[in-house]
Amino acid sequence: MITHNKLTIGLFGFGVVGEGLYKVLQQTPSLNASIKKVCIKHFGKKRNAPASLFTTDKDDLLNDRDINVIVEVIDDATAAFEIVTTALQNGKDVVSASKKMIAENLTALLALQQQTGRSLLYESAACASIPVIRNLEEYYDNDLLHSIKAIVNGSTNFILTKIFEEGLDFKQALLLAQQSGFAESNPKLDVEGYDAVNKWTFLLTHAYGITESPKNILFNGIQNIHSRDAETAAARKQEIKLVAQAKKLKNGSVAAFVLPQFINQDDHLAFVKNEYNGVVIESGFADKQFFYGKGAGSFPTASAVLSDISALRYGYKYEYKKLYHHHPHELTDDFFLNVYISFDDIEAVPKEKFEWIEEWHAQEGRKYLSGVIAFSKLKSSNWWKENGVSLILLPDPVIEEVASKKIKKKSLELAGIF
Ligand code: HSE
């Protein structure tokens, strides 16, 4: 019989996820893993675990030779990076749920894993209970991943569901997301798309070998969505979702971004409600696959942490196959997007930047248009996030090539725009 590594865990953080993990581990004795110490920021709060388990001194965990695994589920990305760095350098394997920390320090973390030979696993950091990282890493270990689109933030999906299907207002919906333990302690990270783009950063690494700073990936959240947009969606029998997506173009480069999008009802992502997340993958031979599961909350996130802990018993490491064993793909800005824009003031929309405009509703009150615009023109400006402008992608938003300039100009003239 094969014997597996016994895991002695030092846990950083005892919030929604940390406490969830503590409970889940107690119900999984077969794992041969136990928590030796938990490092917290402050004593004082009453916690549902023996007081002797807790310390506020990080070195009690990081310098303890018995502890061979550090599990880090804290909220502070800077402190998390320091903990993870020290743990790896001290010869410990690490499981982390800190998406912001991973996204912002990906290059350094890749180098550290190579230098130390230790394992850093973070399945819970994206889509919580859906095993998306290991799937991208192991199952799609080939060059055939045509596209991947996903709902990766549970809170915004929860808020959109509560507003559009249950009639709550934004504040009520956000409060509920916070009370349920889905939202970040700074909910701006969820609402304005930061959390989603952070997750997308390292999912792109596992999907395509792309290592890009989140700062260079175009994104927005749901903060600008207007009730007019919801009416448009309802009239078209569509839903609005915050979608992270990447598509391999004909020349092999990858178009990637995180933006709100109109979703047809027969799209798998339309099925994803509340704090659930969903991932749709299109690949060469398998065609379309859909992964679905809870993307936030105590036990769903703890389940992914548990799965990483379990994988460490077998010495599992991410190999970053797309980065190190294949020719990594590169991000491109050279494509076009099919967009809908609603606005109060026409002056806020530089219509000359569009390749063409398909639809134009300039009635009193909230106005809207749909048209095609170069991705690079969105990336180099912010007008589409400001002055009450709301930009929502249309279904199948990526266009690789557009017609010649002359035809484009003609279509604008016909639409009466110029
Ligand atoms: N705030 C995050 C979300 C938690 O809502 O998806 C899970 O990463």
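Procedures and definitions
- Residues numbered from 1 in each chain as written.
- Predicted model: local features only at pLDDT ≥ 70, side-chain atom pairs only at ≥ 80, totals over all residues.
- Heavy atoms only, no water.
- Helix = DSSP H or I, 4+ residues; strand = E, 2+ residues; numbered from the N terminus.
- Polar contact = N/O pair within 3.5 Å; in protein donor to acceptor, adjacent residues only side chain to side chain.
- Buried < 20%, exposed > 50% of the residue type's maximum accessible area, 1.4 Å probe, protein only.
- Pairing = 2+ DSSP bridges.
- Right-handed = clockwise from strand over helix to strand, strands pointing away.
- Contact = heavy atoms within 4.5 Å.
- Axes fitted to C-alpha atoms, helices over the stretch in contact; angles between N-to-C directions.
- Near = heavy atom within 4 Å.
- Nonpolar A, V, L, I, M, F, W, Y, C, P; charged D, E, K, R; others polar.
- Core = buried A, V, L, I, M, F, W, Y, C linked by side-chain atoms within 4.5 Å.
- Domains from an automatic or database assignment.
- Phe/Tyr/Trp six-rings, centres within 6.5 Å; stacked < 30°, edge-to-face > 60°.
- Lys NZ or Arg CZ within 6 Å of the ring centre and 35° of its normal.
- Parallel < 35°, antiparallel > 145°, perpendicular 65-115°, else oblique.
- Left-handed = near helix turned anticlockwise from the far one by under 90°.

Draft legend 1. Main features of the environment of D267. Structurally, the position occupied by D267 is in the loop between β9 (254–264) and β10 (276–283). Placed 28 residues apart in sequence, D267 and E239 show a C-alpha to C-alpha distance of 9.8 Å. A distance of 2.8 Å separates the side chain of D267 from the backbone nitrogen of L269, its partner in a polar contact.

Draft legend 2. Spotlight on the pairing of strand β4 (residues 69–72). The two faces of β4 match: V69 and V71 on one face and I70 and E72 on the other face are all buried. Relative to β4, strand β1 (residues 7–12) runs parallel, the two sharing 4 bridges. Following the sheet pairing, L11 is matched in β4 by V71. Here β4 pairs with strand β5 (residues 93–96) via 4 bridges, running parallel. Looking at the pairing, I70 lines up with V94 of β5. Read as a crossover between parallel neighbours, the route from β4 over helix α3 (residues 77–89) to β5 is right-handed.

Draft legend 3. Molecular detail of the pairing of strand β2 (residues 33–39). With 6 bridges joining them, β1 and β2 adopt parallel strand pairing. If you follow G10 over to β2, its bridge partner there is K37.

Draft legend 4. Broad picture of the sheet that holds β2. Pairing is parallel across the open sheet formed by 6 strands, whose spatial order is β3-β2-β1-β4-β5-β6. The open sheet is flanked by β3 (54–55) and β6 (120–121), the only strands paired with a single partner. Pairing of β2 with β3, which is carried by 2 bridges, proceeds in the parallel orientation. In the sheet register, V38 faces β3, and the bridge partner there is F54. Packed onto the sheet, helix α12 (residues 298–312) meets β1, β2, β4, β5 and β6 and runs at close to 165° relative to β5.

Draft legend 5. Molecular detail of the site of the ligand. The full set of residues close to the ligand is K99, N153, G154, S155, F182, A183, E184, D190, D195, K199, G295 and A296. Measuring from an oxygen atom of the ligand, one finds a side-chain N or O atom of N153 at 3.5 Å. Within the side chain of D190, one N or O atom sits 2.8 Å away from a nitrogen atom of the ligand. Of all the secondary structure elements, the ones that give two or more residues to the shell around the ligand are α7 (154–166) and α10 (194–208). Among the residues making up the shell around the ligand, the classes are represented as 3 nonpolar, 4 polar and 5 charged.

Draft legend 6. View of unusual backbone geometry. One non-glycine residue, A128, adopts positive backbone phi at about 35°. Its location among the elements puts A128 in the loop between β6 and α6 (132–139). The phi dihedral of Y320 falls on the positive side, at around 50°, and the residue is not glycine. Take Y320: it is sitting in the loop between α12 and α13 (321–324). Y320 gets classed as buried once you look at its relative accessible area, which sits at 3%.

Draft legend 7. Looking closely at the nonpolar core. With 101 residues, the main nonpolar core has V71, Y122, W200 and I309 as its most contacted residues. When residues of this core are sorted by domain, at least three fall in each of domain 1 (141–294) and domain 2 (336–414). Contacts of Y122, omitting those with residues within four sequence positions, involve S96, I102, L106, I133, F202, H206, D308, Y318 and Y320. Formed by 24 residues, the second largest nonpolar core is a distinct cluster that contains F257, L337, V339 and F343.

Draft legend 8. Fine view of the packing of aromatic side chains. Taken as a whole and assessed by the stated rule, the structure comprises 20 aromatic pairs. Plain terms: the ring middles of F14 and Y22 are 5.6 Å apart, the flat faces sit at 65° to each other, and that makes the pair edge-to-face. Assigned by exposure class, F14 and Y22 land together as buried. A ring pair is formed by Y139 and Y140, whose centres lie 5.0 Å apart and whose planes are at 75°; its orientation type is edge-to-face. Residue classification places Y139 among the exposed residues on the basis of a relative accessible area of 53%. For Y140, a relative accessible area of 2% corresponds to the buried category. Members of the aromatic cluster, each reached through a chain of ring pairs, are Y122, F202, Y316, Y318, Y320 and Y324. The cationic tip of R236 hangs over the ring face of F262; the distance from NZ or CZ to the ring centre is 5.6 Å.

Draft legend 9. Fine view of the packing of α7 against helix α8 (residues 170–179). Put simply, α7 and α8 touch, their axes get as near as 9 Å, and they point 135° apart. Judged by the inter-axis angle, α7 sits oblique to α8. Once α7 is placed against α8, the crossing between them reads as right-handed. Contacts between α7 and α8 involve F158, I159, K162 and I163 from the former and F170, A173, L174, L176 and A177 from the latter. Within the contact of α7 with α8, the residues separate by chemical class into 8 nonpolar, no polar and 1 charged.

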